[in-house]
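Listed below, chain by chain, are the residues.
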Amino acid sequence: MKKLFFLLFALTVAVSSSAQQALGQRPNVKSPDLVGNVATFNYYNPSAKKVTLTLFSRDRVEFAMTPQSDGLWSFTTNRLDPELYLYSFNVDGQRMIDPSNAYVSRDISTLSSYFIVSQDKGDKGWLYLANQVAHGQVEKVWYNSPQLGMERRMTVYLPPAYDGKRRFPVLYLLHGHGGDEEAWPELGRAAQIMDNLIALGKAEQMIVVMPNGNPNLPAAPGQWHAGLYTPDGNAFNKELKAVRTFPESFMDVVNYIDSHYKTIKKRAGRAVCGLSMGGGHTHDIALLYPLTFDYYGLFSAAPRVKGQFALSGFYNHAMSSTDYQNKAQILFNSKPVLYWIGIGKDDFLFNTNKDLRQFLDEKGYKYEYHESLGGHVWANWRDYLTIFAQRLFKK
């Protein structure tokens, strides 16, 4: 037994030493190397035939990387605007993250490397960084949903001033199709945005609740008993049939938050917003519970009529549904403080949102509209959250 132990130990040391030597033979690659607003990307692979860089914020752009004599491939950008940038390499036809960058994000099942450019305090990049400001607390909690018949997981941001005594208003922040309760905290940088806006005096102290909007899934992939399945945006749709839609079960979320945190338990202390599918959920929640929330934010929303979503013809569907029109009338006659719509000019849902605005305009219903560049992308949704959060709960 002792001989076997020493043999295994010797093999372990030999493998470890070999690995350390191999590691030491590689060049010290820094990527991306940020100098001000300029980024240089470096990738070491002497055997690669072709390497390209895909850089993504509001637009997706591909650049050819240049091989150096020492096996290093490099590319240097022009000056970049303050923003959070996603990127990946393509090496001889194989997409990969940057092996020299530890910062990686997951969007459904796609992994991307990322970095943040900031030039001045208060710019977009600065808002997405963890700065030397007072920080809120982020909790992952499980709650019971009687409407869906399961325990479910969500993320809760508590503002810096939260002490369990004073009551705070609540923003419910909803993700899009394929997302989960980790989407807004990670890709959305929600906690950093809120910390920094509060520190600048631009947003009120508020609780932010980021639930899982998939009614058939209790939690993010890997966080419940289904194990480490590959997220694809439609996982378990056939295996697990939700008894209700997420908007129909939404008061389970509100009731849990009101019973477990110090909240302002009235309409004036509640807001709800979301992106894409979450924007559609926000649209539905407004119609289902017209007196529960005072602020609504639809970010690149996918609104529905009678539970049906269509890329075209939303206006006609709305005008042909008496039930939809009656619910909309109740909502807007109650005079919510804010009904906010944001959409990118190149978003595939642009015309659907245009139809929604046509309906609201013809009915004389008050709303605010923000149109931005780009399409259905996180760069827009982080921006929309930044704008929307500054409008909430003003005294």
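One can find the structure itself at the top, above this paragraph.
How each quantity is defined
Residues numbered from 1 in each chain as written. Predicted model: local features only at pLDDT ≥ 70, side-chain atom pairs only at ≥ 80, totals over all residues. Heavy atoms only, no water. Pairing = 2+ DSSP bridges. Helix = DSSP H or I, 4+ residues; strand = E, 2+ residues; numbered from the N terminus. Axes fitted to C-alpha atoms, helices over the stretch in contact; angles between N-to-C directions. Buried < 20%, exposed > 50% of the residue type's maximum accessible area, 1.4 Å probe, protein only. Right-handed = clockwise from strand over helix to strand, strands pointing away. Polar contact = N/O pair within 3.5 Å; in protein donor to acceptor, adjacent residues only side chain to side chain. Contact = heavy atoms within 4.5 Å. Salt bridge = Lys/Arg side-chain N within 4 Å of Asp/Glu carboxyl O.

Participant: Account for the sheet that holds strand E17 (residues 338-344), with residues named and values stated.
Facilitator: Spatially, eight strands are ordered E11-E12-E14-E13-E15-E16-E17-E18 in an open sheet, and the strand pairing comes out mixed. The sheet terminates laterally at strand E11 (137-145) and strand E18 (368-372), the two strands that pair on one side only. Along the sheet, successive strands turn relative to each other by an average axial angle of 20 degrees, direction set aside. Two strands pair when backbone bridges link them, and strand E12 (residues 150-158) and strand E14 (residues 207-211) are joined in this way by four bridges, in the antiparallel orientation. Looking across to E14, one finds that Val 156 is bridged to Val 209.

Participant: Can you explain helix H4 (residues 190-199)? Please cite residues and give values.
Facilitator: Here H4 lies mainly inside the structure; nine of its 10 residues are buried. Looking one or two residues past H4, Gly 201 carries a phi angle of roughly 75 degrees, positive in sign.

Participant: Please give an account of the pairing of strand E15 (residues 270-275) that cites residues and values.
Facilitator: In terms of burial, E15 is largely enclosed, as six of its six residues are buried. The alternating pattern of E15 places Arg 270, Val 272 and Gly 274 and Ala 271, Cys 273 and Leu 275 on opposite faces, both of which are buried. As paired strands, strand E13 (residues 170-174) and E15 are joined by five bridges and run parallel to one another. Opposite Tyr 172, over in E15, you have Val 272 as the bridge partner. Relative to strand E16 (residues 295-299), E15 runs parallel, the two being bridged by five bridges. Bridge pairing in E16 places Ala 271 opposite Tyr 295. The handedness of the E15 to E16 crossover, carried by helix H6 (residues 277-288), is right-handed.

Participant: Which residues make up the pairing of E14, and what values go with them?
Facilitator: With five of five residues buried, E14 is to be regarded as a mostly interior element. Residues Ile 207, Val 209 and Pro 211 of E14 are buried on one face, and the alternating residues Val 208 and Met 210, pointing to the opposite face, are buried as well. The sheet contact formed by E13 and E14 spans three bridges and is parallel. By the bridge assignment, Val 170 is partnered in E14 with Ile 207.

Participant: Can you break down the side chain of Asn 37 residue by residue, with the values?
Facilitator: Tracing the backbone shows Asn 37 in the loop between strand E1 (33-35) and strand E2 (38-44). Given the relative accessible area of 6%, Asn 37 is considered buried. Separated by 3.4 Å, the side chains of Asn 37 and Gln 119 make a polar contact. When sequence neighbours within four positions are dropped, the list of residues in contact with Asn 37 reads Thr 77, Asn 78, Arg 79, Leu 80, Pro 82, Val 117, Ser 118 and Gln 119.

Participant: Help me get a handle on the pattern of salt bridges, residues and values and all.
Facilitator: Pairing between side chains of opposite charge can happen when the charged atoms of each approach one another. If you walk through the whole model with that rule in mind, you get 15 salt bridges. Among the ionic pairs, Arg 58 bridges to Asp 383, the shortest N-O distance being 3.5 Å. Here Arg 58 is found in the loop between strand E3 (51-56) and strand E4 (60-64), whereas its partner Asp 383 is found in helix H10 (residues 378-389), with 325 residues between them in sequence. Classification of Arg 58 by relative accessible area gives buried; the value is 18%. Residue Asp 383 is classed as buried on the basis of its relative accessible area, which comes to 12%. Across the salt bridge formed by Arg 106 and Asp 180, the nearest N and O atoms sit 3.0 Å from each other. Of this pair, Arg 106 sits in strand E9 (residues 104-107) while Asp 180 sits in the loop between E13 and helix H3 (183-186); the two residues are 74 residues apart in sequence, bridging distant segments of the chain. Accessibility expressed as a relative area gives 5% for Asp 180, which makes it buried. One network of salt bridges, in which partners are shared, links Arg 58, Glu 83, Lys 124, Arg 382 and Asp 383.

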